[in-house]
Amino acid sequence: MTDRMLEVTGLTVRFGGITALDGVGFTVDRGQMVGLIGPNGAGKTTLFNCLTRRYQADEGQARYEGRDLLSVAPHAIVDLGIARTFQNLGLFPRMTVRENVMVGAHGHARAGFVSAALRLPSVRREERELRFRANELLESLELTGVADRPAAGLPFGTLKRIELARALAARPRLLLLDEPCNGLSHGEVDAFAAILRGIRDRADLTVIVVEHHMGFVMGTCDRVVCLEFGRKIAEGTPAEVQADEAVRTAYLGTAA
């Protein structure tokens with residue numbers, strides 16, 4: 001029996017007269033890295049927004065570790081062990097790299113408002129723990145050299161790694177990456193893929209990645225799901241999806 005982490009069934013999302021997701025279903029087993037691909041407008045980010053409760057599904061189910069994910073409040077998603085990154089970076093430009101990463105860890109902070117305001121010993125101890133966790137992530141993502149610099153002005157590839165570190169600071173079991181390779185050079189994509197594989201293996205992470213960079217998806221993911229116009233048109237191993245005629249048509253168009 002497989003150790004299933006996520007099961008999506010018949011997921012449908014409508015915006016007025018537009019159906020952004022149309023009965024999408026797939027499963028993700030614990031420890032897998034699954035690529036979610038498709039042309040622009042296929043519904044990939046809409047799917048992520050449903051899973052993280054930014055959007056409300058009109059129909060269907062999403063069960064995470066056996067729990068009805070679509071009934072969870074948006075602010076409680078991180079408490080379930082789910083974290084994500086975004087297409088558009090949401091870093092705090094004036095904060096240092098380390099401070100940006102520590103923001104991701106504060107979801108696990110236990111101190112209340114009063115104890116934090118009074119700077120009680122428990123608060124100071126907790127801050128030390130969060131800083132230690134942030135430093136570990138900075139080292140693993142090769143960011144120690146810029147840890148005390150503001151995020152503003154750093155190279156785009158570096159900012160992508162900072163956002164990944166911030167998501168990992170929440171100690172997720174399921175990590176959702178939205179176009180992590182967008183804007184990266186070929187060399188940066190290869191480096192990012194190697195870092196991600198290492199982190200996945202060490203932290204026993206399950207990963208779903210939305211990405212247009214086919215080399216990254218096919219070389220990094222265990223399974224691939226392809227969407228087109230809100231519908232799933234293919235699912236399987238990278239080799240199976242690459243060979244699928246519907247996927248070729250969706251990306252390349254039909255022959256003249």
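Residues numbered from 1 in each chain as written. Predicted model: local features only at pLDDT ≥ 70, side-chain atom pairs only at ≥ 80, totals over all residues. Heavy atoms only, no water.

Per an unreviewed UniProt entry, the chain goes by the name ABC transporter ATP-binding protein and belongs to Actinomadura fulvescens.

This part covers the overall build of the chain. On a plain count of helices and strands, the chain comes out with nine helices and 10 strands. Each principal axis of the C-alpha atoms in the chain carries an extent, and together these give about 65 × 40 × 40 Å. The proportion of buried residues among the 256 residues of the chain is 48%. Across the chain, contacts joining residues at least 24 apart in sequence account for 67% of those joining residues at least 6 apart. Carbon and sulfur atoms provide 51% of the accessible area of the chain, an area that totals close to 12,600 Å². Between the mean site of the 31 positive side-chain charges and the mean site of the 31 negative ones, the chain shows a separation of 7 Å. (Helix = DSSP H or I, 4+ residues; strand = E, 2+ residues; numbered from the N terminus. Buried < 20%, exposed > 50% of the residue type's maximum accessible area, 1.4 Å probe, protein only. Contact = heavy atoms within 4.5 Å. Areas by Shrake-Rupley, 256 points an atom, 1.4 Å probe, with all protein chains shown as cover. Lys, Arg positive; Asp, Glu negative; His and termini not counted. Charge placed at Lys NZ, Arg CZ, Asp CG, Glu CD.)

Here we come to the pairing of strand β4 (residues 59-64). Inspection of the sheet shows strand β1 (residues 4-15) paired to β4 by five bridges, in the antiparallel sense. What sits directly across from L6, in β4, is Y64. In textbook terms, the turn of a hairpin is the stretch between consecutive antiparallel strands, and for β4 and strand β5 (residues 67-68) this stretch comprises two residues, one of which, E65, has a positive phi near 50 degrees. (Pairing = 2+ DSSP bridges.)

Across the sheet, six strands lie side by side as β6-β7-β8-β3-β9-β10; this open sheet has mixed pairing. A strand with exactly one partner marks an edge of an open sheet, and here the two such strands are β6 (82-84) and β10 (231-236). Between one strand axis and the next, the sheet turns through 15 degrees on average, direction left out of account. As defined by bridge partners, strand β7 (residues 174-178) adjoins strand β8 (residues 206-210) across five bridges and the pair is classed as parallel. (Axes fitted to C-alpha atoms, helices over the stretch in contact; angles between N-to-C directions.)

Turning our eyes to something else, we now look at empty space enclosed by the protein. Under the counting rule described, the total for this entry stands at one cavity of 30 Å³ or more. Considering only enclosed or pocket space, the largest cavity measures out at about 40 Å³ in volume. Considering each element in turn, the lining of the largest cavity owes the most residues, three residues, to helix α5 (residues 156-168). Considering only residue class, the lining of the largest cavity consists of four nonpolar, one polar and two charged. (1 Å grid on protein atoms, 1.4 Å probe; cavity = no way out; pocket = protein on both sides within 12 Å on 5 of 7 lines; lining within 4 Å. Points joined across faces, edges and corners; volume = space filled by probe spheres on them. Nonpolar A, V, L, I, M, F, W, Y, C, P; charged D, E, K, R; others polar.)

Of all hydrophobic cores here, the largest spans 48 residues; its most connected members are V101, L141, I162, L168, L175 and F216. Residues from two domains meet in this core; each of domain 1 (4-81 + 172-252) and domain 2 (94-156) gives at least three. The residues touching F216, leaving out its near neighbours within four places in the chain, are C181, V189, F192, A193, L196, V209, E211 and C221. Among the nonpolar cores identified, the runner-up in size contains 32 residues, and A62, Y64, L80 and V225 belong to it. (Core = buried A, V, L, I, M, F, W, Y, C linked by side-chain atoms within 4.5 Å. Domains from an automatic or database assignment.)

The geometry of an aromatic ring pair is captured by two quantities: the separation of the ring centres and the angle between the planes. Here the structure, examined in full by the defined rule, presents two aromatic pairs. Geometrically, the ring pair formed by F15 and Y55 is edge-to-face, given 5.3 Å between the ring centres and 80 degrees between the ring planes. Pair noted here: F15 is in strand β1 and Y55 is in the loop between α1 (44-51) and β4, with a separation of 40 residues, a long-range link. Accessibility expressed as a relative area gives 31% for Y55, which makes it partly exposed. Ring geometry for F192 versus F216: centroids 6.3 Å apart, planes at 50 degrees, classification tilted. (Phe/Tyr/Trp six-rings, centres within 6.5 Å; stacked < 30°, edge-to-face > 60°.)

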